[in-house]
Amino acid sequence: MNHAYILTLSCPDRRGIVHAVSGFLFENGGNIEEAAQFNDHDTGLFFMRVQFACEQLAHEQLSARLAVFAEPFQMEWKLHDSAQPMRTVILVSKEGHCLNDLLFRVKSGLLPLDIRAIVSNHREFYQLAASYNIAFHHLPVTAAGKAQVEARQLEIIESEGAELVVLARYMQILSPALCGKLAGRAINIHHSFLPSFKGAKPYYQAHDRGVKLIGATAHYVTANLDEGPIIEQDVARADHSKTVEDLTAMGRDTESQVLARAVKWHSEHRVLLNGHKTVIFK
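Keep in mind that this is a model prediction, so the values were computed, not measured.

### Digging into the side chain of Ser93
- Within the fold, Ser93 resides in the loop between β5 (86–92) and α3 (97–107).
- With relative accessibility at 2%, the residue Ser93 sits in the buried group.
- Separated by 2.8 Å, the side chains of Ser93 and Asn121 make a polar contact.
- Those residues within four positions of Ser93 in sequence are excluded, and the remaining contacts are Ser120, Asn121, His122, Phe125, Arg169, Tyr170 and Met171.

### Considerations on the nonpolar core
- Core analysis: the largest hydrophobic core is formed by 30 residues, its most contacted members being Ile187, Leu259 and Val263.
- Of all the elements in the fold, those that place two or more residues in this core are β5, α3, β6 (113–120), α4 (126–131), β8 (164–167), β9 (186–191), β10 (213–220) and α8 (244–267).
- If you tally residues by element for this core, the top one is α8, at 5 residues.
- Formed by 22 residues, the second largest nonpolar core is a distinct cluster that contains Leu9, Val50, Leu57 and Leu79.

### Section: the packing of aromatic side chains
- A full pass over the atoms with the stated rule returns 4 aromatic pairs.
- The interplanar angle of 40 degrees and the centroid separation of 5.5 Å between the aromatic rings of Tyr5 and Phe52 together place this pair among those described as tilted. Remark: Phe52 occurs in strand β3 (residues 45–54) and Tyr5 occurs in strand β1 (residues 3–12); sequence separation between them is 47 residues. In this structure, Tyr5 and Phe52 share a single accessibility class: buried.
- Its guanidinium or amino end placed over the ring of Tyr126, Arg123 lies 4.9 Å from that ring's centre, counting from NZ or CZ.
- Stacked on the ring of Tyr204, the Lys or Arg Lys201 has its end atom at 5.0 Å from the ring centre.

Definitions and cut-offs
Residues numbered from 1 in each chain as written. Predicted model: local features only at pLDDT ≥ 70, side-chain atom pairs only at ≥ 80, totals over all residues. Heavy atoms only, no water. Helix = DSSP H or I, 4+ residues; strand = E, 2+ residues; numbered from the N terminus. Buried < 20%, exposed > 50% of the residue type's maximum accessible area, 1.4 Å probe, protein only. Polar contact = N/O pair within 3.5 Å; in protein donor to acceptor, adjacent residues only side chain to side chain. Contact = heavy atoms within 4.5 Å. Core = buried A, V, L, I, M, F, W, Y, C linked by side-chain atoms within 4.5 Å. Phe/Tyr/Trp six-rings, centres within 6.5 Å; stacked < 30°, edge-to-face > 60°. Lys NZ or Arg CZ within 6 Å of the ring centre and 35° of its normal.

This is the structure we're talking about:
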């Protein structure tokens, strides 16, 4: 049986790593189909992503051999089955543009995701979830019950075996404890007006100031609000003729596209954490 794998790794930089990795894969029956690497001269770290096929070894056998191989290099590594769609849970509130976009892309075969559940603090999208045959969990959030809601959210995430949690315009701040448990596997999207235009109605504030750029940022969730490692950003130009409604529509389109790209790269194991930054092998 031919197995398809993706190997991602990082370690202190030194001579011969690419040679050693390719040699290891060759010796274990691997055929490299795609490879990329990056040397960060500022941190002295080396990053690599290798997509390969292997007829000889199943995941468990190859992982055991990789553990022995990686130890002298002080490697942090992960081995993924590239044929397996990534199990995902989506959190959403009342704005559904990002949710709609992700569901359509998955249905169209454009995103390698297995969306196991949609969790929301509102009921707006239960029919949308049902139309895609996805479980919908309505968990209203109150100040007094937020801890209980987060406990239930985590229970859903873990029970579904989610490798990815997408905050598709989920308008609740996650606690530091939950952020810690979701480190490296939760992606958020927000407009790029922060920190200039905080709070409610940011597009009204932007229109009032006559902004010329509408932007969006997708990043990993951390306890520091909206300051996690950035995965993707984009902007759209605006001018004096644009109404608040125009700016809002432009912003929603940009948010949807930026989030979709970030989710795609993560689901294809193209994003490696590099401290408070990311390395992305597109």
